[in-house]
Amino acid sequence: MSASVLFDAPGPKAKVRNTIYSIVGTVALLGLIVWVVLRLNEKGEFDSALWDIFNYSGIRQNIFDALIATLKAFGLAGVFSLAFAVVLCVARLSDHRPVRWVAVVFIDLFRSIPLLITIFALWVGILGDMTPLWALVLGLTIYNGCVQAEVLRAGINAVPKGQTEAAYALGLSKTQVMISVLFPQAVRSMLPTIISQLVVTLKDTSLGFMILYPELLYSARLIANNTPVNGTYPFVQTVTVFGVIYIALCLSLSSLATWLEKRGRRAKTGIVMAAAAEPAEAPGVLDTAAPTGPTAAAEPAATAPADAPETPEAGSGRPEDDSDGQVGKSN
């Protein structure tokens, strides 16, 4: 039986019990779906005339314009919130206590205030006259910037302290350490959470209907309230169509997060080790084939022919070196 730290592999009884729970849960869910479909059918919500309104070119153009407006607000808010998050994260980790306290108070304050209140306060002119677009973008930027700043701070704190100490030991400044060492690793480790928060940012653009910004939810309300069919307002049909659009957008961002995470795991990063090779050396400096040491001078004599006459060495001090055969003869 295999087991992990957080989960024990189920035994035979647990497997049977889990199978029963899965079957019961699936049947209950299917039963709920069937009941909802039957209720909607009884009220005539599947009438083709109610769904045919989405074939009108005017309504399609309205949906397309609302989709563009939603993506525009999301794009601006996403970029600005990430840039604002970097500033707040740096201030949150500052060595200067006043700067750090201001960042802490700002983050905790706007994370506690409901986002709708922030957007509405900006729209009514608390910071001056603003269009609905910029009131929505600025509100989303402030709130999501605070959340993303805490995400980045968690990623930086997760980087091993030894890397920071090594960077300082190499003489890097704090700015260089943050840019070159900490932030790249923090973004890479927290990328799924960052993308998940961007999904939240996309869904929060629906709050723009409260300040009359023509995004998807605002367009859906206009279509449902102003397009009656045989005395019936297509609320269910509108909610279904626009809900599918929101789900498709959010799933696209989630798929992007999954793809980026998998690509990050496959990426080859770090120092590439060079292949082993023979050391470069000057010719004749170190010849492994030639013998070295005291025996090097004796080898040529050993390899000389047997019939070659011996050449006496001067100053050797041996008796045979003297031509007269006398030892110790001096001039």
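Up top is the structure.
Residues numbered from 1 in each chain as written. Predicted model: local features only at pLDDT ≥ 70, side-chain atom pairs only at ≥ 80, totals over all residues. Heavy atoms only, no water.

Engineer: Whenever I open this one, the overall build of the protein chain confuses me. Can you help?
Structural biologist: The helix and strand inventory of the protein chain stands at 12 helices and 0 strands. If you list the helices and strands of the protein chain from N to C, you get α-α-α-α-α-α-α-α-α-α-α-α. In the protein chain, which comprises 331 residues, the share counted as buried stands at 27%. For the protein chain, contacts bridging at least 24 residues in sequence account for 69% of all contacts bridging at least 6. Of the roughly 22,300 Å² that the protein chain leaves accessible, carbon and sulfur atoms contribute 65%. (Helix = DSSP H or I, 4+ residues; strand = E, 2+ residues; numbered from the N terminus. Buried < 20%, exposed > 50% of the residue type's maximum accessible area, 1.4 Å probe, protein only. Contact = heavy atoms within 4.5 Å. Areas by Shrake-Rupley, 256 points an atom, 1.4 Å probe, with all protein chains shown as cover.)

Engineer: Help me out: how do you make sense of unusual backbone geometry in this one?
Structural biologist: Most peptide bonds take the trans configuration, and most residues that are not glycine carry a negative phi. At L212, a position not held by glycine, the phi torsion is positive, near 65°. The backbone of N230 shows a phi angle near 55°, a positive value even though the residue is not glycine. Relative to the helices and strands, N230 is located in the loop between α10 (216-226) and α11 (235-266). With relative accessibility at 71%, the residue N230 sits in the exposed group.

Engineer: What is the right way to look at the packing of helix α3 (residues 57-92) against α10 in this model?
Structural biologist: The axes of two packed helices give the description: the angle between them and the distance between them. Where α3 meets α10, the closest approach of the two axes is 8 Å, and the angle between their N-to-C directions is 155°. Compared by their axis directions, α3 and α10 come out roughly antiparallel. Facing α3, whose interface residues are I59, N62, I63, A66, L67 and T70, α10 presents L216, S219 and I223. Of the residues that constitute the contact of α3 with α10, the class distribution is 6 nonpolar, 3 polar and no charged. (Axes fitted to C-alpha atoms, helices over the stretch in contact; angles between N-to-C directions. Parallel < 35°, antiparallel > 145°, perpendicular 65-115°, else oblique. Nonpolar A, V, L, I, M, F, W, Y, C, P; charged D, E, K, R; others polar.)

Engineer: So what exactly am I meant to see when it comes to the pattern of salt bridges here?
Structural biologist: Once the charged atoms of two side chains with opposite charge are near each other, the side chains can pair. Considering all chains together, one arrives at 4 salt bridges under this definition. In this structure, E150 and R111 form a salt bridge, with 4.0 Å as the shortest nitrogen-oxygen distance. With E150 in helix α6 (residues 132-158) and R111 in helix α4 (residues 97-112), the pair connects residues that are 39 residues apart, well separated along the chain. Overlapping salt bridges bring together R92, R111, E150 and R153 as one network. (Salt bridge = Lys/Arg side-chain N within 4 Å of Asp/Glu carboxyl O.)

Engineer: What's the story with the environment of I117 in this structure? I'm lost.
Structural biologist: Considering the arrangement of structural elements, one finds I117 in helix α5 (residues 115-123). Spatially, the C-alpha atom of I117 lies 8.9 Å from that of G139, the residues being 22 residues apart in sequence.

Engineer: Could you clarify how one ought to interpret the nonpolar core in this entry?
Structural biologist: Soluble globular proteins tend to pack their nonpolar side chains together in the buried interior. The biggest cluster of nonpolar side chains holds 23 residues, and the ones touching the most others in it are I53, I59, I63, L202, L216, I223 and F242. At the level of elements, α3, α9 (191-204), α10 and α11 are the ones that each hand at least two residues to this core. Residue contributions to this core peak at 7 residues, all from α11. Apart from residues no more than four positions distant in its own chain, L216 is found in contact with I63, A66, L67, T70, F242, I245, Y246 and L249. By size, the runner-up hydrophobic cluster in this structure holds 21 residues, among which are M178, V181, F183 and I194. (Core = buried A, V, L, I, M, F, W, Y, C linked by side-chain atoms within 4.5 Å.)

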